[in-house]
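Coordinates in review
Chain residues, written in single-letter form:
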Amino acid sequence: MLRYMKILRDLAIIISGIGVAQLIQLGATPFLTRLYSPAEFGVFAVVVAVSGVIATVAALRYDIAIIGSSDAALSPLAKGALLLPIVVAPLLGLIFYGAIVIGIADLKALDGGAMVIVAAIAALQGVTAVGSALCTRSGWFVTSSAIRIAQPLVFVVIALVLQPNLAVAALFGWVGSLLIASVAFRRIRLDSRWSDTRETLRREWRYPVMTTPVALLDVVALALPLLFIAAAYGESDAGNYAQVQRLIGAPLTLTGVAVAQVYFKYAGDITRARTALSPFMLRIIAFLGSLSLAVFVAVFLFGEPVMRFLIGDGWRTDRYFLLVSLVPVICRMTAAPVSSTFVLTGKLALGSSWQI
């Protein structure tokens with residue numbers, strides 16, 4: 001019972017952080033949608049989607065390994081995970097830009113300047129993810145919430161006051177998050193030997209080899225609808241789709257991430273104590289499933305007028321468009337704890353099959 005009280009407390013902290021972050025975005029939306037066009041939001045959405053894909057694998061999934069690692073392996077593992085995004089994100093950005101140049105990826109929204117921003121955002125997200133993983137391992141959920149709040153807060157201030165393009169504002173937002181996340185880096189010894197880091201990364205080879213490809217498939221599957229819309233119909237239609245994802249889908253995605261973060265912490269404790277994990281996992285899935293159903297019904301009943309009020313005329317807000325856009329987000333959110341379970345129990349091959 002005491003464990004569940006602590007879980008509820010930590011979950012309340014994380015969800016409060018998400019709530020504040022979403023309120024910031026929600027409060028700014030009527031101003032942003034009247035200051036920037038659907039096409040501008042479409043370009044912004046493509047930048048965010050591609051940088052999100054790269055950021056997911058920027059640390060080669062060693063950031064995930066931090067949560068369940070031994071105390072002895074923590075510093076060398078985190079040190080390697082901090083360095084990798086700085087190298088991997090620009091490299092993947094260059095490869096993606098090459099695909100655009102030779103015509104494999106038909107995304108006119110991403111010119112050379114936009115791809116520089118994509119790589120920079122991905123690197124910042126990758127390093128910030130390491131800080132978030134350290135916070136999760138330590139149970140520092142207040143700091144974790146602050147990381148989530150900083151990004152939209154700085155983004156909104158920059159977008160409304162300085163009025164650059166939205167991708168530049170997003171870049172500044174992730175700088176703000178990284179500054180908060182750096183608090184968690186005091187948990188690691190950066191003066192540890194590089195030989196220890198290389199050995200630890202080699203020992204945990206399953207994370208980059210077995211989980212990186214499927215994590216990439218996972219995040220690409222979520223981004224593909226937006227990228228297809230942008231390529232086939234243009235930035236304006238992509239902006240309409242992205243706005244639904246941002247206002248309705250993003251809170252659900254972040255809630256799923258928050259629940260998974262708390263789940264990761266306590267499921268890791270349960271696993272290390274060698275007790276049954278299934279009852280706890282099923283409780284979390286039931287909670288997320290109930291939440292998903294409630295949100296789906298609420299969007300069916302009230303989504304259209306609420307969205308029309310928030311983003312104004314000139315945007316697509318019809319009910320079935322909202323519901324179709326919501327389905328993949330709900331599926332992803334509910335499945336998140338199951339994916340985490342395979343990592344915690346060391347069943348990475350089975351977890352890879354599940355995600356594929």
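Read on for an overview of the structure. In this text the structure is predicted, and so the values were computed from the model without any measurement. Think of each chain on its own: its residues are numbered from 1, step by step along the sequence as written. Only residues with pLDDT of at least 70 are given local features in this predicted model, and only at 80 or more are side-chain atom pairs given and counted; all residues enter the totals for whole chains, interfaces and linings. The side-chain numbers reported here are obtained from all heavy atoms of the structure, hydrogens and water having been left aside.

Packed helix pairs are characterised by how far apart their axes lie and by the angle those axes make with each other. Lines fitted to the C-alpha atoms define the axes, with helices restricted to the stretch that makes contact. Angles between their N-to-C directions range from 0 to 180 degrees. Numbering of helices and strands runs from the N terminus, with a helix taken as a DSSP run of H or I at least four residues long and a strand as a DSSP run of E at least two residues long. At a closest axis distance of 9 Å, the pairing of helix α2 (residues 38–58) and helix α9 (residues 206–233) adopts a crossing angle of 175 degrees. Accordingly, the angle class assigned to the pair α2 and α9 is roughly antiparallel. Together, Ala-45, Val-46, Ala-49, Val-50, Gly-52, Val-53, Thr-56 and Val-57 of α2 and Thr-212, Ala-215, Leu-216, Val-219, Val-220, Ala-223, Leu-226, Leu-227 and Ala-230 of α9 make up the contact between the two elements. Looking at the contact of α2 with α9, its residues break down into 14 nonpolar, three polar and no charged. Any angle that is under 35 degrees is reported as roughly parallel, and any over 145 degrees as roughly antiparallel; angles of 65 to 115 degrees are reported as roughly perpendicular and all others as oblique. Any two residues whose heavy atoms approach within 4.5 Å at even a single point are treated as in contact. Under this grouping Gly is polar, as are all residues other than the nonpolar Ala, Val, Leu, Ile, Met, Phe, Trp, Tyr, Cys and Pro and the charged Asp, Glu, Lys and Arg.

The subject of this paragraph is the layout of surface pockets. With a 1 Å grid spanning the protein atoms alone, the term cavity applies to any set of points in which a 1.4 Å probe fits but cannot get out, the term pocket to an open set with protein on both sides within 12 Å along at least five of seven lines, and the term lining residue to any residue with an atom within 4 Å of a point. Grid points are joined across faces, edges and corners, and a volume is the space filled by probe spheres set on the points. Roughly 330 Å³ of volume is contained in the second largest pocket. Lining of the second largest pocket is provided by 14 residues; of these, Leu-247, Ile-248, Val-295, Ala-298 and Val-299 occupy positions nearest its centre. Mapped onto the lining of the second largest pocket, the elements with two or more residues apiece are α10 (235–272) and α11 (278–311). Here the element with the most residues in the lining of the second largest pocket is α11; it accounts for nine residues. In terms of residue class, the lining of the second largest pocket is made up of 12 nonpolar, two polar and no charged.

Here the focus is the side chain of Thr-128. Following the sequence through the fold, Thr-128 ends up in helix α5 (residues 112–138). Setting aside residues no more than four positions away along its own chain, Thr-128 makes contact with Ile-147, Trp-174, Ser-177, Leu-178 and Ala-181.

Our focus in this paragraph is the environment of Ile-117. Structurally, Ile-117 can be placed in helix α5. In sequence terms Ile-117 and Leu-153 are 36 residues apart; their C-alpha atoms lie 19 Å from each other. Beyond its immediate chain neighbours, meaning those up to four positions away, Ile-117 contacts Val-47, Ala-167 and Val-168.

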